[in-house]
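# Secondary and tertiary structure notes
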Amino acid sequence: MEVLQIRHGLLLFLLAAVRAQVNPGVCRYPLGMTGGQILDEDITASSQWSESTAARYGRLDFDDGDGDGAWCPDIVADADIGGPREFLQVDLRSLHFVTLVGTQGRHADGMGNEFAQRYRIKYSRDGSRWVAWQDRSGRKVIEGNRNAYDVVLKDLEPPIIARYIRFMPIADNSMIVCMRVELYGCEWLDGLVSYSAPAGQDMIYRGLDVHLNDSVYDGTVGLLMEQGLGQLTDGAWGRDDFLHSHVYGAWPGYDYVGWTNESFPRGHVEMTFEFDRVRNFTSMKVHCSNMFSRGVRMFRQATCHFRTSESDWESQAVSFHPPVDRVSQGARFVTVPLGDRMASAIRCRLAFNEAWMMISEVAFQSGEDPVHKVDESNTRILIGCLVAVIVILLAVIVIILWRQVWQKMLEKASRRILDDELSARLAIQTQAFSFHHSSQSSGDMSNSNSTYERIFPLCSSDYQEPSRLIRKLPEFAQSLEDLAGSSKSSTPPQACGSDGAPHYAEADIVSLQEGATGSKSYSSVTAVNMSLLSGKDRDMREFPRDKLTFKEKLGEGQFGEVHLCEAEGMQEFIKRNLPEAVNDCLNTAEGGSDTPVLVAVKTLREDANKDARNDFLKEIRIMSRLRDPNIVSLLAVCVECDLLCMITEYMENGDLNQFLSSHQLNDETQSSDKATVSYSNLISMCTQIASGMKYLSSLNLVHRDLATRNCLVGKNYTIKIADFGMSRNLYRGDYYRIQGRAVLPIRWMSWESILLGKFTMASDVWAFGVTLWEIMTLCKEQPYSQFSDEQVIENTGEFFRDQGKQVYLPRPACCPAVLYSSLMLGCWRRNAKQRPTFQEIFSQLGESQA
Ligand code: AMP
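Residues numbered from 1 in each chain as written. Predicted model: local features only at pLDDT ≥ 70, side-chain atom pairs only at ≥ 80, totals over all residues. Heavy atoms only, no water.

## Quick look at a nonpolar patch on the surface
Taken together, Ile383, Val387 and Val391 make up a surface patch of nonpolar side chains, about 270 Å² in accessible area. Within the fold, Val391 resides in helix H3 (residues 379-439). (Patch = residues over 30% accessible without salt bridge, like charges linked within 9 Å, V, L, I, M, F, W, Y side chains within 5 Å. Areas by Shrake-Rupley, 256 points an atom, 1.4 Å probe, with all protein chains shown as cover. Salt bridge = Lys/Arg side-chain N within 4 Å of Asp/Glu carboxyl O. Helix = DSSP H or I, 4+ residues; strand = E, 2+ residues; numbered from the N terminus.)

## So, the nonpolar core
Grouped together as the largest cluster of nonpolar side chains are 82 residues, with contacts concentrated most on Leu656, Ile689 and Phe768. Residue contributions to this core peak at 10 residues, all from helix H14 (residues 761-776). When neighbours within four sequence positions are excluded, Phe768 is seen to be in contact with Cys686, Ile689, Ala690, Leu706, Cys827, Phe838, Ile841 and Leu845. Core analysis: the next-biggest nonpolar cluster, separate from the first, contains 46 residues, Leu229, Val269, Phe273 and Cys304 among them. (Core = buried A, V, L, I, M, F, W, Y, C linked by side-chain atoms within 4.5 Å. Buried < 20%, exposed > 50% of the residue type's maximum accessible area, 1.4 Å probe, protein only. Contact = heavy atoms within 4.5 Å.)

## Considering the pattern of salt bridges
Tallied over the entire structure, the rule returns 31 salt bridges. Close ionic contact of Glu566 with Lys551 constitutes a salt bridge, the shortest N to O distance being 3.6 Å. Highlighted residues: Glu566 in strand S22 (residues 561-567) and Lys551 in strand S21 (residues 548-556), separated in sequence by 15 residues. Glu619 is the salt-bridge partner of Lys602, the closest N and O atoms lying 3.3 Å from each other. Of this pair, Lys602 sits in strand S24 (residues 597-603) while Glu619 is found in helix H10 (residues 610-624), placing the two residues 17 residues apart along the sequence. The pair formed by Lys602 and Glu619 is uniform in burial state, with each residue classed as buried.

## Things to note about the packing of H14 against helix H16 (residues 817-827)
Close contact between H14 and H16 brings their axes to 6 Å; oriented N to C, the two are set at 135°. Compared by their axis directions, H14 and H16 come out oblique. Contacts between H14 and H16 involve Val765, Trp766, Phe768, Gly769, Leu772, Trp773 and Met776 from the first element and Leu819, Leu823, Met824 and Cys827 from the second. Classifying every residue of the contact of H14 with H16 gives 10 nonpolar, 1 polar and no charged. (Axes fitted to C-alpha atoms, helices over the stretch in contact; angles between N-to-C directions. Parallel < 35°, antiparallel > 145°, perpendicular 65-115°, else oblique. Nonpolar A, V, L, I, M, F, W, Y, C, P; charged D, E, K, R; others polar.)

## Quick look at the pairing of strand S11 (residues 208-211)
Judged from the 4 bridges that link them, strand S10 (residues 202-205) and S11 form a sheet pairing that is antiparallel. Residue pairing across strands places Asp202 opposite His211, the latter belonging to S11. Taking the residues that link successive antiparallel strands as the turn, the S10-S11 hairpin has 2 residues, and the phi of Arg206 there is positive, at about 50°. (Pairing = 2+ DSSP bridges.)

## Focus on the side chain of Glu361
Within the secondary structure, Glu361 is located in strand S19 (residues 356-366). The side chain of Glu361 sits in the buried core without any salt bridge; Arg136 is the nearest counter-charge, 8.3 Å away. At 2.8 Å, the side chain of Glu361 and the backbone nitrogen of Gly235 are in polar contact. (Lys, Arg positive; Asp, Glu negative; His and termini not counted. Polar contact = N/O pair within 3.5 Å; in protein donor to acceptor, adjacent residues only side chain to side chain.)

## Observations regarding the packing of aromatic side chains
According to the stated counting rule, one finds 18 aromatic pairs in the structure shown. Each ring, one from Tyr119 and one from Phe167, has its centre 5.9 Å from the other, and the planes form 40°; the classification is tilted. Pair noted here: Tyr119 is in strand S4 (residues 118-124) and Phe167 is in strand S7 (residues 152-170), with a separation of 48 residues, a long-range link. A relative accessible area of 0% places Tyr119 in the buried class. (Phe/Tyr/Trp six-rings, centres within 6.5 Å; stacked < 30°, edge-to-face > 60°.)

## Comments concerning the site of the ligand
Close to the ligand lie 14 residues; Lys602, Glu649, Met651, Asp655 and Asp723 are nearest. Glu649 is positioned with one of its backbone polar atoms (N or O) 2.9 Å from a nitrogen atom of the ligand. Where the shell around the ligand is concerned, the elements lending two or more residues are S21, S24 and strand S26 (645-649). Of the residues forming the shell around the ligand, the biggest block, 3 residues, is contributed by S21. (Near = heavy atom within 4 Å.)

## Observations concerning the UniProt feature "transmembrane region" (unreviewed entry) in the chain
As annotated by UniProt and renumbered to match this structure, "transmembrane region" (unreviewed entry) occupies residues 381-402. In residues 381-402, the share of helix is 100% and the share of strand is 0%. The end C-alpha atoms are 32 Å apart. (UniProt positions renumbered as here; feature names shortened; annotations may be inferred.)

## As for the environment of Trp259
Mapped onto the secondary structure, Trp259 falls in strand S14 (residues 257-260). Residue classification places Trp259 among the buried residues on the basis of a relative accessible area of 0%. At 2.8 Å, the side chain of Trp259 and the backbone oxygen of Pro198 are in polar contact.

## Let's talk about the state of the cysteines
For the coordinates displayed, the defined rule picks out 3 disulfides. For Cys27, the disulfide goes to Cys186, at an S-S distance of 2.1 Å. In this structure the cystine formed by Cys27 and Cys186 twists about its S-S bond by roughly -105°; its chirality is therefore left-handed. In this pair, Cys27 sits in the loop between helix H1 (2-18) and strand S1 (29-30) while Cys186 sits in strand S8 (residues 180-187), placing the two residues 159 residues apart along the sequence. Overall, the relative accessible area of 0% leaves Cys27 in the buried class. The residue that forms a disulfide with Cys304 is Cys348, at a sulfur-sulfur distance of 2.1 Å. Here the disulfide of Cys304 and Cys348 is right-handed, its torsion about the S-S bond being about 110°. Here the residue Cys304 occupies a position in strand S16 (residues 302-307), and Cys348 occupies one in strand S18 (residues 332-351), the gap between them amounting to 44 residues. No difference in accessibility class separates Cys304 from Cys348, as the two residues are buried. (Disulfide = S-S within 2.5 Å.)

## A few points about the confidence of the model for the chain
With 72% of its residues at a pLDDT of 70 or more, the chain has an overall mean of 77. Taken together, the stretch residues 369-377 has pLDDT below 50 and engages in 16 contacts with residues farther than four places along the chain or on a different chain. Here residues 728-742 scores under 50 on pLDDT; set against residues more than four positions off or in separate chains, the count is 81 contacts. (pLDDT = per-residue confidence, 0-100.)

## Digging into the pairing of S18
Bridge count between strand S15 (residues 268-288) and S18: 16 bridges; the pairing is antiparallel. Note that in S18 the partner of Met271 across the bridge is Cys348. One ladder, built from 6 bridges, connects S16 with S18; its direction is antiparallel. Within the sheet, the bridge partner assigned to Cys304 lies in S18 and is Cys348.

## Some remarks on helix H15 (residues 789-801)
Helix length check: H15 (13 residues) gives 19 Å between terminal C-alpha atoms against 18 Å at 1.5 Å per residue, within 8%. Among the 13 residues that make up H15, 13 are buried, leaving the element largely enclosed by the rest of the structure. Where H15 ends, the next residue or the one after it, Asp802, has phi of about 55°, a positive value. (Expected span 1.5 Å × (residues − 1).)

## A closer look at H16
Within H16, the full set of buried residues consists of Leu819, Tyr820, Leu823, Met824, Gly826 and Cys827. Close packing links the buried residues of H16 with helix H12 (679-698), H14 and helix H17 (838-849).

## A word on unusual backbone geometry
With omega at 10°, the peptide bond leading from Glu157 into Pro158 counts as cis. Within the fold, Pro158 resides in strand S7. In the Ramachandran plot, Arg704 falls in the positive-phi region, its phi being about 75° despite a non-glycine side chain. Structurally, the position occupied by Arg704 is in the loop between H12 and strand S29 (711-713).

Put into structure tokens, the structure is as follows:
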């Protein structure tokens, strides 16, 4: 890295020595997002989804293993009117000439799939005046990434001169975006912050419109151009013939800013240049057209005044008469000596020498520039030194490359060893489980059929590579030992399934929450709630609580109770709020517009701690953006007082687990009182869930807790996915973190979610496989019901080792062999990339339904 820095500095030095102007073709050095020269503290963002996707992780091609591999904003960026709001900001500490930007998404070694398809850039030189970048055709939106892996580089035409740069991702359909970026360019040694001049004029040349305006000027433009930089500092010089341009398809005169003496009775054009600080100016170079055959000549005289403070211009001016060239019509740089004057602003009057004067570039040399630190007499010594430095650098580069090759070879070898070690550790764990298992009574084992497997360690730092897991494994195994011990004394779960079997380790959550926060109840105020709901979420309208009439308790969930209520005035309210999507699901007696609507009201328990409150609001935020026939619709919220609640459509047949366990397959021989469902009903249910999940995956939203208990059943076997309390953006490391511990549905979880803490679309696919299995068994038993929790985790280790010892859920009696082998087993493939996508699952189920 130092080598690169030295090389970078050296090139800049040579560049500056050869020519003072910036050459955009050469000025394309990475400015230090990847290399680390830009410090973490100089990378900030409007928001972050979680600590592990903070701004400092937004470095292109950079992954230190601690973060989730990119910057991801908290709130989804939208192509709303007014442009995107979220941004990743880089402070370059000094003015830079930025010619190129690179962006990349987040893949997290195959576990992520987030990227910004489009984005915008804003920049500022002083941190207060921000300019939206636009290309030479006025387009502000930049096409970004198409996948999470590849780096997409975009030339900035025109380049940017700025200290602060903001990347502002744009996403449609509430898609979650993540970015890693790099800036390329070089330091802007001129120190010029802005120039002001009369606006460029239009010339008619032989019937041709020649626009001599400054088309990329980024300040204010009226009769005068003020406070900006533009074509005169874009590093592109005009051609000899001003009618032609370097820019393809540009209009005649594009490269030049020009004025006619007819508009300037005093015979000169006045330009003011403002700099970042007081500098010792030696010269100014002005690139001029000299096409005298077309009435254009370089200026006759330049008279410059200087100012060091905000007050007055110094009376003593510098004047310069360039020699008049009556022979060559070539455009050229004219160097105006500035006599080593100290100034932070320079005002120059350029006198006309012909009907027109046109300039395309202005550059300044000051005592700060390396070129002036070079004593000409020492040139030979300097060249000698440079050659020596280059030789040393080459030697260093060779050594580094050599070391890298070695390191790679060593890494490969150590990875192999680490994998072996991990397998060995898991084997030790297996023994530990077997030990606990054998020491437990069978009564203990029968206690272990809770859906969420009590307490399992998982915190944000648990997103890790297998090698990092190894370091944690002793602690991991210890926690599991604790877990095995605690299972005997754990508080009985509160909520029960229809079979009376405990479904939620709710008591554990509650007691842990209380442990974490005491019995403190959070008396939050509306402002806090509302501030947590932002942007589009605020469109989710507040429903007057007094218009809700309690009917019955429907159930109890992670956050609190769910009630069936009658909502007065809801229809009118919904029609305004969510017209088409939700109207079909209103449950009214008569269907008139004043008729009360039956709704499900989910409340946050009063003593909920801050984490639960934030998660509840997050669930609202997630749900408010979801519109799909197979996702339960959020109709309204009550967040304007302490008791938060969300109002969703009412699904009259409750959750799918309860529903199916009280039904029987209609071709079963033995008759019973139970209601029946047909096989095609079951497949239709699976297809609907796949369809809902397909929609979620199109938004890159990972549910994390897909199971029949979290699907709701409406009329005619309509299924809708609910319970987004656990769903997170991929990067949110803390699942439901309570003192570093979480309650996890391990029987539905993929091996990588359990062992590595990785939750992805592919782990949702795994859970879908288990859900499919539940449906095909009509929820008559829990997955792996014959296994204790410890054995389930032990089996997870077998999935990791993949030595053929892993136990798969068996084929349910009513499930055709082909569906089992191609779909269900496909969802449980060890390699996440080989599992089917929800699109594929949906198509396959559709075919089997046909
Ligand atoms: P939850 O907190 O979402 O897990 O809900 C707990 C229980 O309440 C579920 O298992 C359902 O039985 C019931 N429930 C939740 N939402 C609804 C709804 N929209 N319609 C009918 N029942 C619901």
